[in-house]
Amino acid sequence: MFQIEELCSIVGKENVICDELLSKHTTFHIGGKAKYFVSPNYIEDFVEAVAYVRKEKQPYFILGNGSNLLAYDKGYDGVILATHLPNRKIEACEGKVAMDALVMMPPKDERRKQFALSEEELSKKTVVFAGSGIMLSGFANIIGKKGLAGFEFASGIPGTLGGAVAMNAGAYGGEIKDRILGAMLLLPNGERRYYQKEELELGYRSSLVQKESLIVLWALFAFETGDISEIEQTMQDLNARRKEKQPLQYASAGSTFKRPEGYFAGKLIENAGLRGYRVGDVMVSEKHCGFVVNVGEGTYDEARQVIEHVQKTVQEKFNVWLETEVKMVE
Ligand SMILES: Cc1cc2nc3c(=O)[nH]c(=O)nc-3n(C[C@H](O)[C@H](O)[C@H](O)COP(=O)(O)OP(=O)(O)OC[C@H]3O[C@@H](n4cnc5c(N)ncnc54)[C@H](O)[C@@H]3O)c2cc1C
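Some details on the sheet that holds strand S5 (residues 76–82)
Strand order across the open sheet formed by four strands is S1-S2-S5-S3, with mixed pairing between neighbours. Two strands in the sheet have a free side with no partner beyond their single neighbour: strand S1 (16–21) and strand S3 (60–63). Strand-to-strand twist across the sheet, computed as the mean angle between neighbouring axes with direction ignored, equals 30°. As paired strands, S1 and strand S2 (residues 33–38) are joined by five bridges and run antiparallel to one another. For valine 16, the partnering residue across the bridge sits in S2 and is valine 38. Along the sheet face, helix H1 (residues 4–11) touches S1, S2 and S5 and points at about 115° away from the line of S1. Helix H2 (residues 43–55) contacts S3 and S5 of the sheet and is inclined by roughly 160° relative to S5.

Set out below in structure tokens:
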């Protein structure tokens, strides 16, 4: 029988919260109470927690930074397993790896051997190990300051590494697929397996992780050496472009819809006359029609109504179906 005390003993009592509002953990600021909200410090504890909820057949949901999610107002009647640790300092622990670990392995690092990387291809690159709970912004900033180039595109994406691999997140011409070497995944049968990049089936906002409900524990990346000031300048420029084009002053889950082949979702929505279309406190952004934003106390139902109205109207006017990029926590 499922017992919350058991989860507390696996991840630490301080890392389990009952009746936690999901609106506090989603960038849309929408979502009712989760029955249990569990955020382990270490990857090993996370794996054990997943095994326990699976064994006890509890509904569960893997949460990163909640930046691509729309959660029900009535909440989640199960266990939210969160990989991200906002404002938490992890004590070192023998034999355990922090959820937000970041380890750089330069070409001469002996540890690279265990991942069977091609030395020829990687002789000049630095391999970076990253835990699924690290934020992309932190990741990009840390490696940028060390003069590693190639992750600047990700610095403004407000998600975790695990969420970014699951979504194959991308921006400004770069995507996770371009830099990842492989990832350690947790399979439904509890086995852990390292998947090479090709096996991850990374496509436009899609991956094997999503298709088969796998869980990203950590991933490996490779970066070339670059000029620190150029890297920092590129990140600043890209973030300035975001500020200029995106409605960052409002809560949202980013681009609500995927880009349909041959079109831009925002342009179709604008041309359908839906700029500013509003239900309650949720609306199509005036600044960027590809974003549905929560301008106050928006609810799940309001967001769903806006999304469905946009889909229906664009379909009627242009015969194009807008598939949501945002995932539902239901
Ligand atoms: C203002 C704004 C701007 C954005 N800009 C971009 C952009 O430029 N490019 C872009 O691609 N996206 C963008 N996004 C969307 C979002 O940031 C990305 O999709 C991001 O990768 C989601 O990461 P997350 O950690 O927040 O995942 P969540 O939103 O928490 O989860 C998203 C999905 O991934 C799954 N997931 C999370 N962690 C794991 C894991 N460890 N293992 C398996 N599955 C997991 C969840 O179960 C869920 O299905 C933006 C969002 C906002 C709010």
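Let's talk about the packing of aromatic side chains
Within this structure, the stated rule accounts for 13 aromatic pairs. The interplanar angle of 80° and the centroid separation of 6.1 Å between the aromatic rings of phenylalanine 139 and phenylalanine 223 together place this pair among those described as edge-to-face. Of this pair, phenylalanine 139 sits in helix H4 (residues 136–145) while phenylalanine 223 is found in strand S13 (residues 215–225), placing the two residues 84 residues apart along the sequence. A residue is classified by how much of its surface remains accessible, and phenylalanine 139, at 0% relative accessible area, is buried. Here phenylalanine 223 falls in the buried class, since its relative accessible area comes to 0%. Measuring from ring centre to ring centre gives 5.6 Å for phenylalanine 151 and phenylalanine 221, while their planes differ by 65°; the resulting arrangement is edge-to-face. A residue pair is termed long-range when its members are at least 10 positions apart, and phenylalanine 151 in the loop between strand S8 (148–149) and helix H5 (161–167) and phenylalanine 221 in strand S13 qualify at 70 residues. Accessibility assignment for this pair places phenylalanine 151 and phenylalanine 221 in one class, buried. Taken together, Phe139, Phe151, Phe153, Phe221 and Phe223 form an aromatic cluster joined through their ring pairs.

What to know about unusual backbone geometry
Phi at aspartate 19 takes a positive value of approximately 55°, unusual for a residue other than glycine. For aspartate 19, the location among the structural elements is in strand S1. Phi is positive for histidine 29, close to 55°, though the residue is something other than glycine. Mapping histidine 29 onto the fold places it in the loop between S1 and S2.

A few points about the environment of valine 329
If you trace the backbone, valine 329 turns up in strand S18 (residues 327–329). According to the relative accessible area criterion, valine 329 is buried, its value standing at 3%. Residues valine 329 and serine 255 lie 74 residues apart in sequence; the distance between their C-alpha atoms is 17 Å. Not counting chain neighbours up to four residues away, the residues in contact with valine 329 comprise Phe61, Leu69, Leu70, Ala71, Tyr72, Tyr76 and Ile80.

Concerning H2
Compared with an ideal rise of 1.5 Å per residue, which puts 13 residues at 18 Å, H2 spans 18 Å between its outermost C-alpha atoms and is within 8% of the ideal. One or two steps after H2, the chain reaches lysine 57, where phi turns positive at roughly 55°.

Describing the site of the ligand
In the region of the ligand, 36 residues are neighbours, and Ile62, Gly64, Ser67, Thr160 and Gly170 sit closest. The separation between an oxygen atom of the ligand and a polar main-chain atom of asparagine 68 is 2.8 Å. Split by residue class, the shell around the ligand holds 17 nonpolar, 16 polar and three charged.

Here we look at the pairing of S2
By the bridge criterion, four bridges tie S2 to S5 in an arrangement that is parallel. Looking across to S5, one finds that tyrosine 36 is bridged to valine 79.

Thresholds applied
Residues numbered from 1 in each chain as written. Predicted model: local features only at pLDDT ≥ 70, side-chain atom pairs only at ≥ 80, totals over all residues. Heavy atoms only, no water. Pairing = 2+ DSSP bridges. Helix = DSSP H or I, 4+ residues; strand = E, 2+ residues; numbered from the N terminus. Axes fitted to C-alpha atoms, helices over the stretch in contact; angles between N-to-C directions. Contact = heavy atoms within 4.5 Å. Phe/Tyr/Trp six-rings, centres within 6.5 Å; stacked < 30°, edge-to-face > 60°. Buried < 20%, exposed > 50% of the residue type's maximum accessible area, 1.4 Å probe, protein only. Expected span 1.5 Å × (residues − 1). Near = heavy atom within 4 Å. Polar contact = N/O pair within 3.5 Å; in protein donor to acceptor, adjacent residues only side chain to side chain. Nonpolar A, V, L, I, M, F, W, Y, C, P; charged D, E, K, R; others polar.

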